[in-house]
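Given next are the chains, with one letter for each unit.
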Amino acid sequence: MRILSGIQTTGNLHLGNYLGAIKQWVAMQDQGECLFFLADLHSLTGNITPAERTATTLEMAATLLAAGIDDRSILFNQARVPAHSELCWILQGTARMGWLNRMTQWKDKAGKNRDGAPVGLFTYPVLQAADILAYQATHVPVGEDQKQHLELTRDIAEKFNTDFGVDLFPLPEPLISKAAPRIMSLRDGSAKMSKSDPSDMSRVNLVDSDDLIAQKFKKARTDPDPLPDSFDALAERAEAKNLVTIYAALADIAPQDVIDQFAGQGFGGFKPALADLAIAKLAPIRDRLVRLLDDKPAVAKALADGAARAQAIAAPTLRKAQDAVGLLV
């Protein structure tokens, strides 16, 4: 079982990023061989400066290391492994315009200004396919918004194998793990927690101090009613549901277990308990992250070492793909 997943290189990571993705990755290290990459090549379709790209790649790598990604996994950034770009170009001879035109993320991101969108935004899913197929990954963790991209990867792999009479690419399967919680803003239970929210009080950043974490949960929006005896009863109480969801995810228990513990209590008692739990879980990650960010050469070396390990896996696959299409003379 070879698991592969990538994550966009965005800075200023918060509790939603940790509970929604990073914590899941750490747990996957016990399930099989894992490769985790920072999608710096994919970020070229966005409007960020070169300096921001470098800084956020290092920050993301430091965050993953601080959260518990270790030598059991291969951690690297795409740009250090040329097989991603080279295999992507080969697979663009296999992928079809009609397939890419049907991708909902292309339609959503390009909007009405498709003629002004970068070409990379259209061919983005082919690079995603190359990311996966270069390592002959057997399993890929996917959320609802990525299922279509994994299906495209399977279509590309199957067509390539058929067209060139090879059995090179396995058809990757979706990895369904414990459902990642959807963490919402502390100021608005209808909006996802996001670093783009102008209010810093809407999120808990992974670099926040203990006092600031406690303050943010104390001021988190709630309602005047006590917690009910059923988690389902919070369906129409978005802010209350969000805080219970965060507690459950941090404690690795079911939301109903949280309700069983705090039913009938008001948020005057629940919020301090949630803050204490968050501090206990996040403080060690923050402390390791701060140390790593103070030693960026060490983080860069970790990425370089990971890239060497990744290249050793991807290079033979790329060579076989080149041979299959007649590029090796």
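Bear in mind the structure is a predicted one, so any value in this text is a computation, not a measurement.

With respect to the packing of helix 9 (residues 238–251) against helix 10 (residues 255–262)
Relative orientation of the contacting elements helix 9 and helix 10 amounts to 105°, with a least axis distance of 8 Å. Classified by the angle their axes make, helix 9 and helix 10 are roughly perpendicular. Every residue of helix 10 that contacts helix 9 at V244, Y247 and A248 is listed here: P255, V258, I259, Q261 and F262. Looking at the contact of helix 9 with helix 10, its residues break down into 7 nonpolar, 1 polar and no charged.

Re empty space enclosed by the protein
Tallying each qualifying case throughout the model produces 1 cavity of 30 Å³ or more. Estimated volume of the largest cavity: approximately 70 Å³. Around the largest cavity, the lining residues are M103, Q105, W106, K109, L121, F122, Y124, P125 and H149. Of all the secondary structure elements, the ones that give two or more residues to the lining of the largest cavity are helix 5 (104–110) and helix 6 (119–133).

Looking at the pairing of strand 3 (residues 73–77)
Among the 5 residues that make up strand 3, 5 are buried, leaving the element largely enclosed by the rest of the structure. Residue alternation in strand 3 divides its side chains into two sets, S73, L75 and N77 and I74 and F76, and both sets are buried. Here strand 2 (residues 33–38) pairs with strand 3 via 5 bridges, running parallel. Within strand 3, the residue paired with L38 across the bridge is N77. Considered for its hand, the β-α-β crossover made up of strand 2, helix 2 (residues 50–67) and strand 3 is right-handed.

Some thoughts on the side chain of T153
Relative to the assigned elements, T153 resides in helix 7 (residues 147–163). A relative accessible area of 0% places T153 in the buried class. Not counting residues up to four positions away in its chain, the partners in contact with T153 are Q128, A129, I132, L133 and P172.

Details of the nonpolar core
Buried together is how nonpolar side chains tend to be arranged in soluble globular proteins. The biggest cluster of nonpolar side chains holds 57 residues, and the ones touching the most others in it are L15, L64, F217, L243, I246 and F270. With 11 residues, the single largest contributor to this core is helix 11 (residues 267–293). Contact partners of I246, with chain neighbours within four places excluded, come to L15, L19, I183, L186, F217 and L274. Judged by nonpolar contacts, the second largest core, of 45 residues, contains I90, A110, L127 and A130.

Some words on the environment of S209
Note that S209 resides in the loop between strand 5 (173–175) and helix 8 (210–218). S209 sits 19 residues away from S190 along the chain, and the two C-alpha atoms are 26 Å apart. Among the polar contacts listed, one links the side chain of S209 to the backbone nitrogen of L212, at a separation of 3.1 Å.

Reading guide: rules and limits
The residue count restarts for each chain, going from 1 along the sequence in the order it is written. Totals for whole chains, interfaces and linings use every residue, but because this is a predicted model, local features are given only for residues with pLDDT of at least 70 and side-chain atom pairs only at 80 or more, for both listing and counting. The side-chain figures draw on all heavy atoms in the structure; neither hydrogens nor water molecules are used. The axes are straight lines fitted to the C-alpha atoms, using for helices just the contacting stretch, and the angles between their N-to-C directions are given from 0 to 180°. To qualify as a helix, a DSSP run of H or I must reach at least 4 residues; to qualify as a strand, a run of E must reach at least 2; elements of each kind are numbered from the N terminus. The cut-offs work like this: below 35 degrees is roughly parallel, past 145 is roughly antiparallel, 65 to 115 is roughly perpendicular, and the gaps in between are oblique. By definition, residues are in contact when any of their heavy atoms lie within 4.5 Å. Charged residues are taken to be Asp, Glu, Lys and Arg, nonpolar residues to be Ala, Val, Leu, Ile, Met, Phe, Trp, Tyr, Cys and Pro, and polar residues to be all remaining types, Gly included. Cavities and pockets were defined on a 1 Å grid built over protein atoms only: a cavity is a set of grid points that admits a 1.4 Å probe from which the probe cannot escape, a pocket is an open set flanked by protein on both sides within 12 Å along at least five of seven lines, and lining residues are those with an atom within 4 Å of any such point. Grid points are joined across faces, edges and corners, and a volume is the space filled by probe spheres set on the points. For each residue, the accessible area found with a 1.4 Å probe, counting protein chains only, is set against the maximum for its type, and the residue is called buried under 20%, exposed over 50%, and partly exposed in between. Between any two strands, at least two bridges found by DSSP are needed for them to pair. Handedness of a crossover is defined as follows: with both strands directed away from the viewer, a clockwise route from the first strand across the helix to the second makes it right-handed. Working definition of a nonpolar core: buried Ala, Val, Leu, Ile, Met, Phe, Trp, Tyr and Cys residues. They are joined through side-chain atoms within 4.5 Å. Each polar contact in these results corresponds to two N or O atoms within 3.5 Å; when the atoms are within protein, one needs to be able to donate a hydrogen and the other to accept it, and residues that are neighboring in sequence are counted only if both atoms are side-chain atoms.

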